[in-house]
Each structure stands twice: as C-alpha cells, then as structure tokens.
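Given next are the chains, with one letter for each unit.
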Amino acid sequence: AESPRTNFIRQIIEADLASGKHKRIATRFPPEPNGYLHIGHAKSIVLNFGLAQDLGGTCNLRFDDTNPHKENVEFVEAIKADVRWLGFDWDDRLYFASDYFEQLYDFAVELIKKGLAYVCELSADEMRAYRGTLTESGKDSPYRNRSVEENLDLFARMRAGEFPDGSRTLRARIDMASPNINMRDPVLYRIKHGVVHHQTGTAWCLYPTYDYTHPISDALEGITHSLCTLEFEDHRPLYDWYVDKVSVPSKPRQIEFSRLNLEYTVMSKRRLTDLVSESHVQGWDDPRMPTIAGLRRRGYTPASIREFCYRIGITKSENMVEMAMLESAIRDDLDAHAPRRMAVLRPLKVVLTNYPEGQVEEVEARNHPKDESMGLRRLPFSRELYMDRSDFEEVPPKGFKRLIPGGEVRLRNAYVIRCDEVIKDAAGEVVELRASVDMETLGKNPEGRKVKGVIHWVSAQHGVSAEVRLYDRLFQVATPGAGGADYRDDINPGSLEALTHCVLEPALASAQAGERFQFEREGYFVVDPDAMPERPVFNLTVGLRDTWGK
Ligand code: ATP
Ligand code: MG
Ligand code: MG
C-alpha cells in the first residue's frame, strides 16, 4: 500500500494553510520538453501533484519551453503520457511558458521603464569576464547607463529582428558587486534567429531565459509554492527580485529540495539523450533506461514508483539512493499482486519413461500462494517435460538440492521424479534426462524418504516458445563518469541477455503487453510490446530477492 509521508515542505504548506496565509495551495510541475521524463522527475511529480491532491490544492503541468533548439512536440506528448501513467491529472491546467512570451516582453519593457533593465552589447566572452568570480566583484557593463528611451528603442528593434544572434542581450540592472553571482546583471533575453519553436513557430527571434521566465510564469498562474531542486537555491534572490519588480498578480514562494540521484544509472538529460542517439540503448523506453517509459516497459507499476518516491522522502541533503530501494518497491508490489506461472528459461528435456505415451493429465496450481482469491489454474502434464538446465548437476556442488543422477526431486504442483539416465551429445553436453515418476506422490510425500528439492517444469508438447530478456544494471559502477571520466566507459556490456528458446506454461500464450507475472523461482516478468501472437516476449522486471552488491 502507498504511504504518503510528511516532509519539511509539506509541513511548511500545512502551516501556511493553518495560518490562513493561503486558502488553497497551487503547485506546478515544470518540465522542459527536451527529453523523456526520468525517475528523478517522478520525485518532483509525486511531490507537486501529491501535495495538491492530499491538501486540496491544484497542480499545473507547465512546459518550460524557452529553449527551442532541443525541444519538440514528441517530448511534449511523451511527458503528458508519462504524468498520466503515474496516476496524476492536470485537468485543464496545461500551460506552456511560451504562452507568456507577449506578457514577458511587456514586463521586460516595464523593467526598462523603471531603469531596471538595459540592452547590453558585450559578447558572451566579454560578459563572462565582466561578471567576476566568487572572490572578485564584477564590473559594470559600459552599456549599463543607457537612457530608458535608448533601451526601449533598442529592445523593440531586437524584437523586430534588426540585430544578429549574440550581438545584444537584455539584462537586469541589479548589482555587479553582489556576492551572489546570479544577481550580477543577469540576462533576460537572447536573440535567436532561424529557430522554429514547437509552439510559437517563427513569431519570435527573442527568447527569455529560464531565470526570468520561471518566477513570472509561477506568479501569473498563482502558484503559491514553487518547489525546485537545490541548485536553484542561489537563484532564489533573483526569483524574488523579478516577482517584486514587475507587476505580477501574486507572490509565489520558492522552496528547494535535493534532487534524486540513483546508483548505477545516469539521470542528466544530456546523457540520456546521448545513450539514445549513440545507440547504447534501443530508445528512450529501453527497459534499462531510468526513464518513466523505460521503467514502464521494464514492468514497474505506477504505484511502485509513487511508493518509491514516498520512501526516499524529501529533504535538503544531497545523497545517492541505492538501486535496491527502487527494486524493493516494485518487488513488494508484484509479490502481492502478480500471478504465479511456470517458465523454463534454459530448457532441458526430461522423458518420464514409466509415464504412458500419449497420456495427458491436468494438475492444479494456485495462482498465488498467499492470495486464494486469485484462484487456481490447470497445467497439462505429460511424458515429456522441460526443466531448467541449472536445476540438474551431474557432479553436484555441496548442498545442491535439485536433480542429480539417481536422485529425486519434486516437480512443482505435480509428482516426484527420479533421474535414471543422462543422455549426452557427441561433445559431452547433457541433452536429455530419462526419469521415472512416482505416481503416488501427487499432493503427498513419498513413503519412507524425504525429497527436499522442488523445481519448475513445463509439458514439452504444450509449452509455448518465447523470448525472455534478462536485464542487468546499465552501468558497471555506482557513479558512472565519476572523477571526470567518460561515463560511457562505465556502460555494462552485459546489461541485456536475450534467451530465445524459453518454454512457458500454456496459460502465458495469451498474455498481453504490459501483463506482469512471477515466473516461479526466477523472478518477476512483464510482456514486452515486441510480443507477437505466437511469440511472447518477456522482460525481467526484477529478481525474487535483492542481489545488489553481491
Ligand atoms: P537536466 O538538468 O537533466 O536537463 P532538468 O532538471 O533541467 O534536467 P526539467 O525538465 O527542467 O529537467 O525538470 C523538470 C522538473 O523536474 C524540475 O522542477 C526539476 O527540478 C525536477 N527534476 C529534474 N530532475 C530531478 C531529480 N533528479 N530529482 C528531483 N527532481 C528533479
Ligand atoms: Mg534542463
Ligand atoms: Mg530545467
């Protein structure tokens, strides 16, 4: 069950509601449509939409689309689908920062008129040099003291397209000596010709910066609490400055929390984009990706991702979360809800020499050991079966409890068998076992001896042939690219193992893409969208127990 937990942001908001500062809270989730959402975004989605839901407020979905080069409509649509899939709804509260371009322009004019913004002609390099450093104050731009009239005229001409890219910017006139570098006359507008924006087309050759756009968008939408990650803490004075200086209708409060970092993966959109474009993975929804689309295809449920987000909590301290945390959230969900099935991933044929040829009987199996309401199914049992290769050892290691020459094992939900003969090919490879079945052992223990091992099996004649894709961590090290190395060098070359000759119990033939099961003794699996009617394809979601660090 999901368990929303309290955190310092929730406490601030509850106090604001209790004191009457706000009657109703408004949050927003502001993705940039320059990639697919990842598990880090889920943390922000669950926080923003979750707080609104729990505390009777609203949460807007706002595309932060001020950077047209890398943004597109495919990403807009994928983000919407992922937010919905996670179980949240923005109703009619869908916004684009680009909706405000005209208003943002007017507010910039207002700042110019107040003497609080100016058109600067320093190049990017010069501007950097003038900005100073942490230990050294900045220097005023030579263009800082232009008259309001001149600034208004130049800004209008910037908009009209009279000047080339990089030749002019509009800057806030704040304080070049501020100890906070973000306050040293930050840029509000840049010139970008020749780009087609996915929402505004070619209407603009002037694009506002994130730092200028974000607070104003929040204020225009009446956002009460603007929740963002810690790297924006130093930008808060600037956020507040913009909200103070222009005539916006409300005053939102920015609160920062630490971003999610997860071991054995990467989360920056640049790196995720590279993984896709350089074909290290098969797409944004590759089951090895930490994207929401990848996790969905991997078999994660929305509830498990929400629960993970609650378990990691919201704080201000940077830390690294173990992959085992994410996996235990889905394992707990699937343990409770996934029907059990038998699937032989590495088949080894067993012929039951004393079982009549042509005879087929049906044995009953429970769909869930702890949940009787999930019912029973019938499994065909016949003379030729498949068992997993790893459940037989000719020379067993100490403590091996499965099948050995001359030994006995129970076939799950069916009989006890004894291995009488091992058939090998010319290369000495075991290709078949001959065994005898003890017909007195269906649902009861054999007389006078103990049989400890239980293995899974599928009737050879009834089994469904399938592909099963086993996934391992995408990176070999916990923090890829640590110490300035290329994170690509840390990619795990064995992160995908496709088993193409698996045999599944017949009930799995009709499983639909997205259906999840436990393959007994193997792990949790989901039907991949690549599955065809006669050819199921399954993805390993997670193993039965935590194997991280082993
Ligand atoms: P990147 O830096 O990789 O481009 P981003 O933070 O710019 O990512 P956005 O699309 O702007 O990506 O993010 C939308 C929202 O999701 C932001 O409010 C951001 O703070 C939040 N977010 C992004 N990554 C994480 C993360 N790892 N943990 C928590 N929140 C995150
Ligand atoms: Mg970004
Ligand atoms: Mg961003």
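If you check an unreviewed UniProt entry, the protein chain appears there as Glutamine--tRNA ligase from Thiorhodococcus minor. In its Sequence similarities (unreviewed entry) section, the UniProt entry covering the protein chain states "Belongs to the class-I aminoacyl-tRNA synthetase family." Check the Catalytic activity (unreviewed entry) section of the UniProt entry for the protein chain; it says "tRNA(Gln) + L-glutamine + ATP = L-glutaminyl-tRNA(Gln) + AMP + diphosphate".

The next subject is the nonpolar core. In this structure, V344 and W457 are the most contacted members of the largest nonpolar core, which totals 89 residues. Sort the elements by how many residues they give to this core and helix 2 (residues 39-54) lands first, with eight residues. When near neighbours in sequence (up to four residues on either side) are disregarded, W457 contacts M342, V344, L385, Y386, M387 and L411.

With that out of the way, let us pick up the sheet that holds strand 6 (residues 187-191). Within a sheet, adjacent strands bond to each other through the backbone by hydrogen bonds, running parallel or antiparallel. Across the sheet, four strands lie side by side as 4-5-6-7; this open sheet has antiparallel pairing. A strand with exactly one partner marks an edge of an open sheet, and here the two such strands are strand 4 (117-120) and strand 7 (206-208). Strand-to-strand twist in this sheet, taken as the mean axis angle between neighbours without regard to direction, amounts to 20°. Alignment of strand 4 against strand 5 (residues 169-172), held across four bridges, turns out to be antiparallel. From the neighbouring strand, Y118 faces strand 5, where its bridge partner is R171. Against the sheet, helix 6 (residues 148-160) engages strand 4, strand 5, strand 6 and strand 7, with an angle of about 60° to strand 4.

Under the present numbering, the feature "binding site: L-glutamine" (unreviewed entry) in UniProt falls on D64 and Y210. Spatial clustering of the annotated residues is evident: they stretch over 147 residues in sequence, but the largest pairwise C-alpha distance comes to 7.8 Å. Position of D64 among the secondary structure elements: in the loop between strand 2 (58-63) and helix 3 (73-85). Here D64 is in contact with P30, P31, E32, A97, Y210 and H214, once residues within four sequence places are set aside. You can see Y210 is positioned in helix 7 (residues 210-220).

This next bit is on the site of ligand 1. In the neighbourhood of ligand 1, 15 residues make up the surrounding shell, with P31, G40, R259, L260 and K269 lying closest. In terms of residue count, the dominant contributor to the shell around ligand 1 is helix 2 (four residues). Taken together, the residues that form the shell around ligand 1 break down as five nonpolar, five polar and five charged. Shared between two domains, the shell around ligand 1 holds at least three residues of each, these being domain 1 (8-257) and domain 2 (261-337 + 463-550).

Quick look at the pairing of strand 24 (residues 523-527) now. Side-chain direction in a regular strand flips from residue to residue, so the side chains alternate between the two faces of the sheet. The element strand 24 is extensively covered by neighbouring structure, given that five of its five residues are classed as buried. In this structure, strand 23 (residues 516-519) lies alongside strand 24, joined through four bridges in antiparallel fashion. Bridging from a neighbouring strand, Q518 pairs with Y524 of strand 24. Hairpin connection between strand 23 and strand 24: a loop of three residues separates the two successive antiparallel strands, and R521 in this loop has a positive phi of roughly 75°. Here four bridges tie strand 24 to strand 25 (residues 537-542), and the two strands are oriented antiparallel to one another. Within strand 25, the residue paired with Y524 across the bridge is V542.

Basis of the calculations
- Position labels on residues start from 1 in each chain and follow its written sequence.
- For this description, chains carry letters from A and ligands carry numbers from 1, given in the order in which they are written.
- A pLDDT threshold of at least 70 governs which residues receive local features in this predicted model, and a stricter bar of 80 or more applies before side-chain atom pairs are shown or counted, although totals over entire chains, interfaces and linings include all residues.
- UniProt positions are given in the numbering used here, feature names are shortened, and annotations may be inferred rather than shown by experiment.
- Residues of type Ala, Val, Leu, Ile, Met, Phe, Trp, Tyr and Cys that are buried and joined through C-beta atoms within 7 Å form what is called a nonpolar core.
- Any residue with 12 or fewer other C-beta atoms within 10 Å of its own C-beta is exposed, any with 20 or more is buried, and the rest are partly exposed; the C-beta atoms used are placed from the backbone.
- We count a stretch as a helix when DSSP gives it H or I for four or more residues in a row; a strand needs E for two or more, and each element gets its number in order from the N terminus.
- A pair of residues counts as a contact when their C-beta atoms, built from backbone coordinates, are within 7 Å of each other.
- A strand pair is defined by DSSP finding two or more bridges across the two strands.
- In this analysis an axis means a line fitted to C-alpha atoms, helices contributing only their contacting stretch, and an angle means the value between N-to-C directions, from 0 to 180 degrees.
- For each residue, a C-beta atom is positioned from the backbone; the residue is called near a molecule or strand if that atom sits within 6 Å of it.
- Any residue outside Ala, Val, Leu, Ile, Met, Phe, Trp, Tyr, Cys, Pro, Asp, Glu, Lys and Arg is labelled polar, Gly included; the first ten of those are nonpolar and the last four are charged.
- Domain delimitation in this document rests on an assignment produced automatically or drawn from a domain database.

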